[in-house]
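Inside the fold
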Amino acid sequence: MNKKKILITGFPHTGTSILKSKLVECLNVYECLFEDFSINQNDILYSGDNEFVLKKTPVLPGDIRANHLMKVTRDSIYQDYIIIFVNRNPWNVFTSIIKSGSNPLNGLPPNSTSEYHIKVEEYIAASTHFLDAQNKELYPNLYSIKYEDFFPNNFEKLRELMDMIGLKYNNDIFTHRSKNYVHSTGVNYDDIDPNNISYNKNRLELRTWQINQPFQNMNLEVNIPDELSDILKNSNIVQELGYSDPRITG
């Protein structure tokens, strides 16, 4: 069987994990449990009779980050992939990142530590690819979806994405928790107060808790430094995405 490889990617904290948790509930999809930058032969081997093999990246892959999408789709390991780019309002993204104890204004040099990848400059770079991928005439196998568009109108945009890819699903996947997507054992998710969840918990445990919550928009109150907010306000890419500071109305 000629497998269809799906890669979900984007900047951290944009909703890639929760999207994956829903797509793996579609029929005939094999989930690669561990995050990585490509689908390997073992993934294909273990996928059995499933038509689709699905993996999520931890951050935007370097081979995508460093190249124009034309090269990515025609002259790279990703040329036969279905790639889904995910984005989210950056004020909410960086509120989550800062709450986790990381500093998106760090001055770290490229690829020095994992914290380099949560810099505001990397969000802008990932967002540029997100916007470019919307050109279906040039990139028929690339898709872009905003986290905020997962939920409205009975999950209309998410259903459209699944239909375009060719995924088959039951409607109840949108209304129940993703209890089959549990990567951290010993966590009683029903007893955790969502207003008191500790961002100092083990990352895997926290991520597992997050994606096992009811499938709804979890954007919360924004709390980021003025310096970071000003960078976002003045970014042409953020403006093109249509995002603005949720604290400012009217």
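Predicted model only: the values in this text are computed from it and were never measured.

Looking now at empty space enclosed by the protein. In total, this model carries one cavity of 30 Å³ or more according to the counting rule given. By volume, the largest cavity amounts to about 40 Å³. When residues of the lining of the largest cavity are assigned to their parent elements, the largest contribution, four residues, is made by helix α6 (residues 120-132). Residues of the lining of the largest cavity, tallied by class, amount to six nonpolar, five polar and no charged.

A few words now on the confidence of the model for the protein chain. For the protein chain, per-residue confidence averages 87 on the pLDDT scale, and 85% of positions sit at 70 or higher. Residue range residues 196-201 is modelled with pLDDT below 50. Its contacts to residues more than four positions away, or to other chains, number nine contacts.

One pass over the structure, following the stated rule, counts twelve aromatic pairs. With 5.0 Å between their ring centres and 55 degrees between their planes, Phe151 and Phe215 make a pair best called tilted. Of this pair, Phe151 sits in the loop between β5 (142-146) and α7 (152-165) while Phe215 sits in the loop between α8 (203-211) and α9 (226-233), and the two are 64 residues apart along the sequence. Taken individually, Phe151 and Phe215 each receive the classification buried, so the pair is uniform in this respect. Clustering of aromatic rings is evident, with ring pairs tying together Tyr147, Phe150, Phe151, Phe155, Tyr169, Phe174 and Phe215. Of note, Lys22 hangs over the ring of Phe215, and the distance from its end group to the ring centre comes to 5.0 Å.

Phe11, Ile64, Leu69, Ile83, Phe85 and Phe94 are the most contacted members of the largest nonpolar core, which has 34 residues in total. Breaking this core down by element, the ones donating at least two residues are α4 (69-74), β4 (81-87), α5 (90-99), α6, α9 and α10 (236-241). Here this core takes five residues from α6, the largest share from any one element. Aside from chain neighbours lying at most four places away, what touches Ile83 is Leu7, Thr9, Ile64, Val72, Tyr78, Asn141, Leu142 and Tyr143.

How each quantity is defined
- Residues numbered from 1 in each chain as written.
- Predicted model: local features only at pLDDT ≥ 70, side-chain atom pairs only at ≥ 80, totals over all residues.
- Heavy atoms only, no water.
- 1 Å grid on protein atoms, 1.4 Å probe; cavity = no way out; pocket = protein on both sides within 12 Å on 5 of 7 lines; lining within 4 Å.
- Points joined across faces, edges and corners; volume = space filled by probe spheres on them.
- Helix = DSSP H or I, 4+ residues; strand = E, 2+ residues; numbered from the N terminus.
- Nonpolar A, V, L, I, M, F, W, Y, C, P; charged D, E, K, R; others polar.
- pLDDT = per-residue confidence, 0-100.
- Contact = heavy atoms within 4.5 Å.
- Phe/Tyr/Trp six-rings, centres within 6.5 Å; stacked < 30°, edge-to-face > 60°.
- Buried < 20%, exposed > 50% of the residue type's maximum accessible area, 1.4 Å probe, protein only.
- Lys NZ or Arg CZ within 6 Å of the ring centre and 35° of its normal.
- Core = buried A, V, L, I, M, F, W, Y, C linked by side-chain atoms within 4.5 Å.

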